Each structure stands twice: as structure tokens, then as C-alpha cells.
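# Structural overview
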Amino acid sequence: KQEVTQIPAALSVPEGENLVLNCSFTDSAIYNLQWFRQDPGKGLTSLLLIQSSQREQTSGRLNASLDKSSGRSTLYIAASQPGDSATYLCALNYGGSQGNLIFGKGTKLSVKP
Amino acid sequence: KAGVTQTPRYLIKTRGQQVTLSCSPISGHRSVSWYQQTPGQGLQFLFEYFSETQRNKGNFPGRFSGRQFSNSRSEMNVSTLELGDSALYLCASSYGQGFGYTFGSGTRLTVV
């Protein structure tokens with residue numbers, strides 16, 4: 001069974017801190033991996049998409065890496081801000097006939113001013 | 001460029017009733033997927049449509065059904081509502097595998 005685990009489940013940090021969110025998966029035969037953020041009661045906002053052949057993607061203060069051999073992806077947030085407070089979700093796409101996303105439970109981030 | 005539009009945003013229904021949710025994908029996107037989000041189970045895949053054909057289906061009872069129209073707009077129907085169907089229902093669209101998914105704001109369904 002393909003499973004996605006996100007650690008930690010919750011994280012509280014002071015503003016300005018650099019932080020790393022982790023995502024691990026049991027089946028490394030992924031097609032791509034996508035990181036999302038979700039604000040309370042809202043939909044998902046796509047942050048970064050990493051294809052299977054890529055090692056990392058960057059967007060502004062965000063950097064996501066992918067290591068298929070170890071079944072891990074990390075989302076690095078530099079110089080965190082209170083506006084970064086949200087739940088961050090990792091989603092895997094295995095492609096083919098199973099083109100749906102498999103989500104982790106998320107990491108709830110709180111950045112204190 | 002308009003995003004993924006889901007209507008309605010909120011719904012309150014009585015147990016036993018049925019409900020239809022709507023999703024308009026981003027222009028040009030032919031793939032539409034539906035997910036259910038609950039505090040206990042997280043995000044779970046319901047089904048995916050591509051060019052009006054159901055391409056993939058999650059592990060949900062037959063009370064949950066969907067369809068996609070020629071303009072790629074999709075509807076999801078839940079019949080004989082149960083209290084446990086209360087959830088945030090999210091729709092996502094994509095050009096296809098490899099392009100990533102864009103989600104709508106969701107429909108919050110409450111069954112009383």
C-alpha cells in the first residue's frame with residue numbers, strides 16, 4: 001500500500017526562522033510530487049511541483065527537494081513569516097492508471113510574530 | 001486566468017437527501033478530480049474524469065457518483081446522504097499527468 005507520512009504533525013516557530021518540513025513515502029515509483037498549503041477552511045494552493053527526474057524546485061523563499069532512493073521529500077522555508085502559517089501537504093502522483101494524488105496528513109505550521 | 005470554480009461554497013442537507021456539487025476547471029484543463037477532506041481521514045480521492053470518461057475511482061460507496069461534460073465541467077452527486085458525508089469536497093483540474101493539479105476553494109457540505 002502506498003503511504004505518505006509527514007513529520008512533524010505540527011510546528012510552532014518564531015518569525016524569521018528557517019524551517020524544514022518532511023514527507024516520506026513507501027513506494028518510490030512516483031511520477032511527480034506536489035507540495036500544497038491550505039489555510040483553515042480553504043482549498044489547496046499549489047506551491048511546488050517536482051517531477052520524478054528532478055532533484056529540487058525553488059520558488060521564492062521555498063525550496064523542495066526529492067530523494068526517491070530514500071523515499072523522502074523536504075520543503076524548506078527560509079525566513080519564515082506569520083503569513084506562512086498554514087497546513088502544508090505533500091501529495092504524490094504515481095501516474096498511469098493511478099493518476100490520483102495520495103496525500104499525507106499534513107504539517108500544521110504556526111509562525112509567531 | 002480564472003481558477004477552478006466550485007459551487008456552491010456551503011451546503012446544509014438533511015440525512016437521506018441527495019446533493020449535487022459543481023466544478024468548473026481552468027480553461028484548457030481536461031482532467032477533473034474530486035477529493036473528500038475530513039478531520040479524521042484527511043484528503044481521500046473520490047474519482048477522476050478525463051474527456052468525459054471516468055479514468056480512476058477511489059474506494060467510496062456507489063452513493064458517490066460523478067460525470068464530466070463536453071466543456072470539461074464536472075458534477076459530483078451524493079445520494080442518500082449520511083451524517084458521515086459531512087466534509088469539505090475539493091475539485092482539482094489539470095492538463096494531464098505530469099502538469100500538476102490546481103484546486104478549487106471547495107464545497108463545505110454539512111449533513112444534519
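For the structure, check the block above.
A short tour of the structure in this document, coming up.

Cut-offs applied
Residues numbered from 1 in each chain as written. Chains lettered and ligands numbered in written order. Predicted model: local features only at pLDDT ≥ 70, side-chain atom pairs only at ≥ 80, totals over all residues. Heavy atoms only, no water. Phe/Tyr/Trp six-rings, centres within 6.5 Å; stacked < 30°, edge-to-face > 60°. Helix = DSSP H or I, 4+ residues; strand = E, 2+ residues; numbered from the N terminus. Buried < 20%, exposed > 50% of the residue type's maximum accessible area, 1.4 Å probe, protein only. 1 Å grid on protein atoms, 1.4 Å probe; cavity = no way out; pocket = protein on both sides within 12 Å on 5 of 7 lines; lining within 4 Å. Points joined across faces, edges and corners; volume = space filled by probe spheres on them. Contact = heavy atoms within 4.5 Å. Buried area = accessible area lost by both parts, 1.4 Å probe. Salt bridge = Lys/Arg side-chain N within 4 Å of Asp/Glu carboxyl O. Nonpolar A, V, L, I, M, F, W, Y, C, P; charged D, E, K, R; others polar. Disulfide = S-S within 2.5 Å. Pairing = 2+ DSSP bridges. Axes fitted to C-alpha atoms, helices over the stretch in contact; angles between N-to-C directions.

## Structural notes on the packing of aromatic side chains
For any pair of aromatic rings, the description rests on two quantities: the centre-to-centre distance and the angle between the ring planes. Per the stated rule, a full pass over the model turns up 9 aromatic pairs over all chains. Ring geometry for Phe 103 of chain A against Tyr 35 of chain B: centres 5.6 Å apart, planes inclined by 85°, an arrangement best described as edge-to-face. Here the residue Phe 103 of chain A occupies a position in strand E10 (residues 101–103), and Tyr 35 of chain B occupies one in strand E4 (residues 31–38), the pair thus bridging two chains. The residues Phe 103 of chain A and Tyr 35 of chain B share a single accessibility class, namely buried.

## Thoughts on the layout of surface pockets
Approximately 610 Å³ is the volume found for the largest pocket. Taken together, 21 residues make up the lining of the largest pocket; nearest its centre are Lys 1, Gln 2 and Ile 102 of chain A together with Leu 43 and Gln 44 of chain B. Elements supplying a minimum of two residues to the lining of the largest pocket: E10 of chain A together with strand E5 (42–50) and strand E6 (53–57) of chain B. By residue number, the principal contributor to the lining of the largest pocket is E5 of chain B, which donates 4 residues. By volume, the second largest pocket amounts to about 450 Å³. Lining the second largest pocket are 23 residues; nearest its centre among them are Gln 38, Thr 87 and Lys 105 of chain A together with Gln 37 and Pro 39 of chain B.

## Looking at the interface of chain B and chain A
Residue-level contacts link 21 residues of chain B with 23 residues of chain A. Counting each side, the surface lost to burial between chain B and chain A is near 1,600 Å², with a carbon and sulfur contribution of 48%. For the pair chain B and chain A, the interface holds 0 salt bridges. Elements that contribute at least two residues to the side of chain B that touches chain A include exactly E4, E5, E6 and strand E9 (87–94) of chain B. Here the side of chain B that touches chain A gets 3 residues from one element, more than from any other, and that element is E5 of chain B. The class makeup of the residues in the side of chain B that touches chain A is 8 nonpolar, 10 polar and 3 charged.

## Thoughts on the state of the cysteines
Residue and element names in this part refer to chain B. One pass over the full model with this rule turns up 2 disulfides over all chains. Between the sulfur of Cys 23 and that of Cys 91 lies a disulfide, 1.7 Å long from S to S. Across the S-S bond linking Cys 23 and Cys 91, the dihedral sits near -55°, which makes this disulfide left-handed. A residue pair is termed long-range when its members are at least 10 positions apart, and Cys 23 in strand E3 (residues 19–24) and Cys 91 in strand E9 qualify at 68 residues. Comparing Cys 23 with Cys 91, the two get one shared label, buried.

## Observations regarding the sheet that holds strand E8 (residues 72–77) of chain A
All names here are of chain A. With respect to topology, 5 strands assemble into an open sheet ordered E1-E3-E8-E7-E6, the strand pairing being antiparallel. Each end of this open sheet is capped by a strand with a single partner; those strands are strand E1 (4–7) and strand E6 (56–59). Averaged over all pairs of adjacent strands, the angle between their axes in this sheet comes to 15°, without regard to strand direction. When strand E3 (residues 19–25) meets E8, the two strands line up antiparallel, connected through 6 bridges. Bridge pairing links Leu 19 to Ile 77 in E8.

## Comments concerning the pairing of strand E4 (residues 32–38) of chain A
All names here are of chain A. The buried fraction of E4 amounts to 7 of the 7 residues, a majority that puts the element mostly inside the structure. The two faces of E4 match: Asn 32, Gln 34, Phe 36 and Gln 38 on one face and Leu 33, Trp 35 and Arg 37 on the other face are all buried. The sheet contact formed by E4 and strand E5 (residues 44–51) spans 7 bridges and is antiparallel. Following the sheet pairing, Leu 33 is matched in E5 by Ile 50. Where E4 folds back onto E5 in an antiparallel hairpin, the turn is made up of 5 residues, including Gly 41, whose phi is positive at roughly 70°. By the bridge criterion, 7 bridges tie E4 to strand E9 (residues 86–93) in an arrangement that is antiparallel. By the bridge assignment, Asn 32 is partnered in E9 with Asn 93.

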